[in-house]
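The chain contents come next:
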Amino acid sequence: MKKEREELIAANKSDYASLKNERTEFLKLQKIKANLESALRTEPERSREPDR
Amino acid sequence: MEAKGIETEKGKLNRWIRNVNRSFANLKAKLAALLEALDAIIEEQRKAQAKFEAENIATLLNTYYRRRNAGAYSSKARTNNLQEEIDTFEYLQAKGINTLDDLKDAVQQLCERVTDKQTTIRDRQTRIKEIDDLLTYVENYKRLKPLYDEMNGIRWPKKREKFRQDHEGELKLFYLARRKLNEARQETSLFPSQH
């Protein structure tokens with residue numbers, strides 16, 4: 001049981017870690033969505049520094 | 001009679017039938033051609049639509065960056081904008097996102113991946129909690145079994161009762177652990193039987 005517990009915890013940690021990649025991808029897609037929305041608006045927007 | 005140049009009713013009817021047949025054949029051929037032409041138009045339109053959609057995301061993003069550059073304060077800002085635009089297009093290309101539909105699909109796929117992962121993690125956490133509980137029961141059982149045995153070793157009922165009252169809390173923990181472990185033994189998935 002202890003071994004199974006350790007394996008489950010390790011698997012969860014691994015999945016949590018890979019969730020960071022999903023989050024990064026989400027942020028990229030969200031930004032593209034925002035840019036597309038902005039392009040659909042008529043008023044030009046001012047340049048700004050890239051998001052950190 | 002017809003051979004002699006005299007029209008007959010039968011001859012007229014036959015000619016009419018031949019005309020009708022020709023008309024039907026003609027109309028059917030024209031309809032087939034029309035259908036074929038429509039299919040070609042539909043196909044053409046589908047390709048044009050696909051091309052439009054393919055270009056649309058690029059055009060929209062290009063519009064966005066063009067506007068952003070138009071209001072850029074400095075050359076540094078313009079360089080950063082250009083780099084971001086390149087990164088965005090590279091990302092879209094790497095992901096095979098060419099159209100708005102592709103973009104939507106990518107978001108949906110990401111949603112599904114996240115949901116699947118969340119479910120898997122939650123299931124594992126439930127199982128970890130079950131194991132933790134069982135380990136606690138095992139520990140309590142081992143720790144309190146001597147106390148339980150000691151109580152059962154007392155021959156005098158009054159003395160045994162007093163002992164039971166004095167250790168009521170611990171004994172309750174022991175009974176709970178024993179019951180839970182017995183239940184777990186019934187479910188092999190939870191607690192493999194020990195041989």
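Calculation rules
Residues numbered from 1 in each chain as written. Chains lettered and ligands numbered in written order. Predicted model: local features only at pLDDT ≥ 70, side-chain atom pairs only at ≥ 80, totals over all residues. Helix = DSSP H or I, 4+ residues; strand = E, 2+ residues; numbered from the N terminus. Buried ≥ 20, exposed ≤ 12 C-beta atoms within 10 Å, placed from the backbone. Contact = placed C-beta atoms within 7 Å. Axes fitted to C-alpha atoms, helices over the stretch in contact; angles between N-to-C directions. Parallel < 35°, antiparallel > 145°, perpendicular 65-115°, else oblique. Left-handed = near helix turned anticlockwise from the far one by under 90°. Nonpolar A, V, L, I, M, F, W, Y, C, P; charged D, E, K, R; others polar. pLDDT = per-residue confidence, 0-100. Expected span 1.5 Å × (residues − 1).

*Asks:* How should the overall build of chain B be read in this particular structure?
*Replies:* On a plain count of helices and strands, chain B comes out with five helices and zero strands. Scored against the burial criterion, the 195 residues of chain B give a buried share of 7%. Across chain B, the fraction of contacts at a sequence separation of at least 24, relative to all contacts at a separation of at least 6, is 55%.

*Asks:* Could you clarify how one ought to interpret the overall build of chain A in this entry?
*Replies:* In terms of helices and strands, chain A carries one helix and zero strands. When burial is assessed residue by residue, chain A has 6% of its 52 residues classed as buried.

*Asks:* Please clarify how the interface of chain B and chain A should be interpreted in this entry.
*Replies:* The parts lose accessible area when they come together, and the size of an interface is often stated as this lost area. If you look at the interface, chain B gives 33 residues, while chain A gives 26 residues. Every element with two or more residues in the side of chain B that touches chain A is listed here: helix H1 (9-70), helix H2 (75-94) and helix H3 (100-153) of chain B.

*Asks:* Quick question: what am I supposed to make of the packing of H3(B) against helix H5 (residues 168-186) of chain B here?
*Replies:* Helix-helix packing: each pair is described by the crossing angle between the helix axes and the interaxial distance. Residue and element names in this part refer to chain B. As a packed pair, H3 and H5 sit with axes 8 Å apart at the nearest point and diverge in direction by 130°. The pairing of H3 with H5 is recorded here as oblique in orientation. Taken as a pair, H3 and H5 cross one another with a handedness that is left-handed. In this structure, H3 uses Leu134, Tyr137, Val138, Asn140, Tyr141, Leu144, Lys145, Leu147 and Tyr148 to contact H5, whose residues at the interface are Glu170, Leu171, Leu173, Phe174, Ala177, Arg178, Lys180, Leu181 and Ala184. Each residue belonging to the contact of H3 with H5 can be placed in one class, and the counts come to 13 nonpolar, one polar and four charged.

*Asks:* Would you mind showing me how to read the confidence of the model for chain A here?
*Replies:* In low-pLDDT regions, the fine details of the predicted coordinates are not to be read closely. Looking at chain A as a whole, the pLDDT averages 79, with 79% of positions reaching at least 70. Counted against residues more than four places away or in other chains, residues 43-47 of chain A, with its pLDDT under 50, gives 15 contacts.

*Asks:* Explain the packing of helix H1 (residues 2-40) of chain A against H3(B) to me, please; I cannot follow it from the model alone.
*Replies:* Where H1(A) meets H3(B), the closest approach of the two axes is 9 Å, and the angle between their N-to-C directions is 155°. By the criterion of interaxial angle, the relationship of H1(A) to H3(B) is roughly antiparallel. Crossing of H1(A) over H3(B) shows left-handed handedness. Of the residues contributing to the contact of H1(A) with H3(B), the split by class is 15 nonpolar, three polar and nine charged.

*Asks:* Looking at this structure, I do not really get H1(A). What am I missing?
*Replies:* Residue and element names in this part refer to chain A. Here H1 is 39 residues long and its end C-alpha atoms lie 56 Å apart, about the 57 Å a rise of 1.5 Å per residue gives. Among the 39 residues in H1, three count as buried, and that is only a small part of the element. Every buried residue of H1 is listed here: Ile32, Asn35 and Ala39.

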